[in-house]
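The primary structure of each chain is shown beneath.
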2 protein chains.
Amino acid sequence: MKFGGTSVANIEKIKNVAHIVEKEVKFHKIIVVLSAMSGETNKLQKYLDEIHSESSIENDLVLTSGEQVTIGLLSSVLKRKKINSLPLLGWQIPIITDENYEKAKILNIDKKRIDLFFKQFDVIVLAGFQGVNSKGFITSFGRGGSDTTAVAIASVLKAERCDIYTDVEGVFTTDPNIEVKAKKISQLSFEEMLEMASMGAKVLQTRSVELAMKNNLSLQVLSSLTKKEGTYIIDEKNLVEKEIVSAVSFSKNESKITISGIPDQPGISAKIFGLMSQNKINVDMIVQNISQDGIFANITFTVSSKDHDIAKLVLEENIKILKYKSLHTDKNVSKISVIGMGMMSQTGVAEKMFKTLANNSINIQAISTSEIKISVLIDEKFTNIAVKSLHDVYNL
Amino acid sequence: MKFGGTSVANIEKIKNVAHIVEKEVKFHKIIVVLSAMSGETNKLQKYLDEIHSESSIENDLVLTSGEQVTIGLLSSVLKRKKINSLPLLGWQIPIITDENYEKAKILNIDKKRIDLFFKQFDVIVLAGFQGVNSKGFITSFGRGGSDTTAVAIASVLKAERCDIYTDVEGVFTTDPNIEVKAKKISQLSFEEMLEMASMGAKVLQTRSVELAMKNNLSLQVLSSLTKKEGTYIIDEKNLVEKEIVSAVSFSKNESKITISGIPDQPGISAKIFGLMSQNKINVDMIVQNISQDGIFANITFTVSSKDHDIAKLVLEENIKILKYKSLHTDKNVSKISVIGMGMMSQTGVAEKMFKTLANNSINIQAISTSEIKISVLIDEKFTNIAVKSLHDVYNL
């Protein structure tokens, strides 16, 4: 069971978590993974920003201190309920990681030590987000890293399931703030969850979903404030019914960059995206086509809006190397995606999407597809109408 | 160098500490021991109080989290100043303690590991107040325990001196709030510092002074905000000049308890103080005398005013066992002490004290003496006049 920062934000909420654990421990032993109180990690990050901290070992040391408080408090509340509980920090298991501070990878978790603890205790309350490297220094897994702790430990223990408690009731067919008819999804495949980057990432750290998929560990995302079942994220084979389209997701923070008149020679794309990567700019959609005469190519791709200015500057500075004719960028675009395992065996899903957008007079600026996702780029001002009409047409 | 909570209360103050360390590291390698930001440990204690935490392992885990933040921040600031710094928690050295959570005793500090760290780093920024026991769980040294960390580590390293930076300029001849003529003391013996419980304990954890005395480690108490020398606390043999009286201290939070008409039999005092100890009441001054007829004894002792009511109740409930005739208590008393190594070889110190109080028409209710301290109990309302006149008469 993993509880995020909003679920342990104060003493009252920690007592609520203890109540949930109390009901569950009647049936089996539990590892509870906790984040820091919500706001705490932001406060610590602010301190680090104030001193312009550049040292990763110190950053991780400071940022991992908040979990120490929540695990101690929850374990103490559980003990007052006569539950045999033990609080543990990452290094006390230990969760061994590599040397990559601030985004460390887990190398090993000592299952035997956990088995030993479970001989004596019924609940282990484990600090999320952190491990220890071979030098004995504390490392962290990046923001949202407590999800990764929970999935990793559940995988090692071959747990039946990993329940991720949060402040939403699960994963929805689209953002309920835009479409009031949005419904909680009961089952999703790992692949669908991963494709829902824009909506899903708010709920689960992407990395934790990848890890769960690799270990075939079923997840449940649910609310710590209601008693309702949440969204199960499971192996595709176990999906009771494969919905053709499971969800409509969107992202408004996109900028479109179009480079026209590039000589159609090998290595030019590699140069463009090499430059982006060197400048730590994440590229999302990429669409390339060759012009009629077969001599020049056009490339369109999207970057996060915060990276727009630096991406544009880098491309302008390198016009001689890239040999393109013109550069056009647009900050007012939105990416709309329909996602669903069912579309692999179903024809006409894309057609329905394009037709629906056309019926609403929305122009499609670029298209990119995977086996379970179709994404289009449109003018940002049409985001809401696009999401609502697609949510309708796929009967979500 | 040890810096308390007020010296690392915010980013600006942490930068000031870095500045002090920067000047010192030009001459030698340093261990810097830090407390949590002032207010932080109180906030954590409040959380524990809210959940009525009764579990020591959890209490220590929660309470030791604040130092993790300050050591990370200071070390990062030092690195930006190109100082080769490493932040370490208690378990990372490790500082091995016994199993007594909340007041753990240090069993061992691995000097070889510290030597190894010093081959690579010029400054070690160490979390105060905490160690780790043989089970691998975090233990704490009680409030003010960072002083103990600093003294213990300095002793193990056979450091030349341990500088305790705080928010006062040193130890004063008396409380400057009562006597504006109070002066900073330049040198004190360990024994004098220990006898100054009421004034000294605000500056240094008593336990750390005992540890320094045992290891003959010189201490300096000084302010992190001025560049002035502080008060040196050193071996008696090294005192340049033994002042007859070094300081006048006082404590207003005393209550006097007088038990009269106790049968003069062996074991009665043991019973009385056994009862106090069972009820966790600390007893300070004890004065006992036998009445003229040699059959009955009177015992007067003091307890902290907060313990007055429970002490009185316990004694009343046990009147049949203790067989005393009458009980009298007084919450309005004050303990005044004059302290000084010089009084061992000087006659007339006590006489001067009693005469001075008499000249001010202050009645002495009880007297207790040690080789370097004379304490008297007086009516609380005479505290200020007593302190001022004694401060004058001993030329402080």
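Just so you know, these numbers come straight off a predicted model, no measurement behind them.

When you look at the sheet that holds strand β2 (residues 30-34) of chain A in this model, what are you seeing that I'm missing?
Either a parallel or an antiparallel arrangement is found when strands of a sheet pair, and the pairing is made through backbone hydrogen bonds. Residues and elements named next belong to chain A. If you walk across this open sheet you meet the eight strands as β3-β6-β2-β1-β9-β11-β12-β10, and the pairing is mixed. Every interior strand has two partners, whereas the edge strands, β3 (85-88) and β10 (187-189), have only one. Judged from the five bridges that link them, β2 and strand β6 (residues 123-127) form a sheet pairing that is parallel. Counterpart to V33 in the pairing with β6 is L126.

For this particular structure, what's the right way to read the interface of chain A and chain B?
Opposite the 25 residues of chain A that make contact, chain B presents 25 residues. Take the side of chain A that touches chain B: its biggest share by element is nine residues, from helix α4 (residues 66-80) of chain A. Split into classes, the residues belonging to the side of chain A that touches chain B amount to ten nonpolar, ten polar and five charged.

I'm lost on the nonpolar core in this one. Help?
In globular proteins that are soluble, nonpolar side chains generally tend to be buried together. Counting 200 residues, the largest nonpolar core has V32(A), L74(A), V32(B) and L74(B) as the members making the most contacts within it. Residues contacting V32(A), with those up to four places away along its chain left out, are M1(A), F3(A), V21(A), L74(A), V123(A), V125(A) and L126(A).

Sorry if this is basic, but what is going on with helix α9 (residues 206-214) of chain A here?
Residue pairs spaced three or four apart in an α-helix point in one direction, given the helix's 3.6 residues per turn. Residue and element names in this part refer to chain A. Inspection of α9 places S208, V209, L211, A212 and M213 among the buried residues, and these make up the whole buried set. Those residues of α9 that are buried are in contact with α6 (145-156), β9 (162-166), α7 (190-195), β11 (219-223) and β12 (231-234). N216 sits one or two residues past α9 and shows a positive phi near 50°.

Please explain the sheet that holds strand β9 (residues 162-166) of chain B as it appears in this structure.
All names here are of chain B. Spatially, β3-β6-β2-β1-β9-β11-β12-β10 is the arrangement adopted by the eight strands of the open sheet, whose pairing is mixed. Each of the sheet's edge strands pairs with one partner strand only, and the pair in question is β3 (85-88) and β10 (187-189). Across three bridges, the pairing between β10 and strand β12 (residues 231-234) is parallel. Looking at the pairing, Q187 lines up with Y232 of β12.

How should I be thinking about the pairing of β3(B) in this particular structure?
Each regular strand displays side chains that alternate between the two surfaces of the sheet. All names here are of chain B. Residue alternation in β3 divides its side chains into two sets, S85 and P87 and L86 and L88, and both sets are buried. The sheet contact formed by β3 and strand β6 (residues 123-127) spans four bridges and is parallel. Opposite S85, over in β6, you have V123 as the bridge partner.

Help me understand the relation of the copies chain A and chain B in this model?
Put simply, the second copy of the chain is the first one after a rotation about an axis and a shift along it. Laying chain A over chain B is done by rotating through 180° and shifting 0.1 Å along the axis; what remains is an RMSD of 0.1 Å. Taken together, the turn and the small shift mark the pair as related by a two-fold rotation axis. When C-alpha distances to the rotation axis are compared across chain A, the minimum falls at S65(A), with a value of 2.9 Å. When you check the interface residues of chain A against chain B, 100% turn up at the interface there too, and the contact is symmetric in its surfaces.

Would you mind showing me how to read the packing of helix α13 (residues 349-359) of chain A against helix α14 (residues 383-393) of chain A here?
Describing two packed helices takes the angle between their axes plus the distance from one axis to the other. Residues and elements named next belong to chain A. Packing of α13 against α14 leaves a shortest axis separation of 10 Å and a crossing angle of 135°. Relative to α14, the element α13 lies oblique. Both α13 and α14 take part in a crossing whose hand is right-handed. Along its contact with α13, which presents K352, M353, T356 and L357, the element α14 presents A386, S389, L390 and V393.

Procedures and definitions
- Residues numbered from 1 in each chain as written.
- Chains lettered and ligands numbered in written order.
- Predicted model: local features only at pLDDT ≥ 70, side-chain atom pairs only at ≥ 80, totals over all residues.
- Pairing = 2+ DSSP bridges.
- Helix = DSSP H or I, 4+ residues; strand = E, 2+ residues; numbered from the N terminus.
- Contact = placed C-beta atoms within 7 Å.
- Nonpolar A, V, L, I, M, F, W, Y, C, P; charged D, E, K, R; others polar.
- Core = buried A, V, L, I, M, F, W, Y, C linked by C-beta atoms within 7 Å.
- Buried ≥ 20, exposed ≤ 12 C-beta atoms within 10 Å, placed from the backbone.
- Least-squares fit on C-alpha atoms with pLDDT ≥ 70 in both.
- Axes fitted to C-alpha atoms, helices over the stretch in contact; angles between N-to-C directions.
- Parallel < 35°, antiparallel > 145°, perpendicular 65-115°, else oblique.
- Left-handed = near helix turned anticlockwise from the far one by under 90°.

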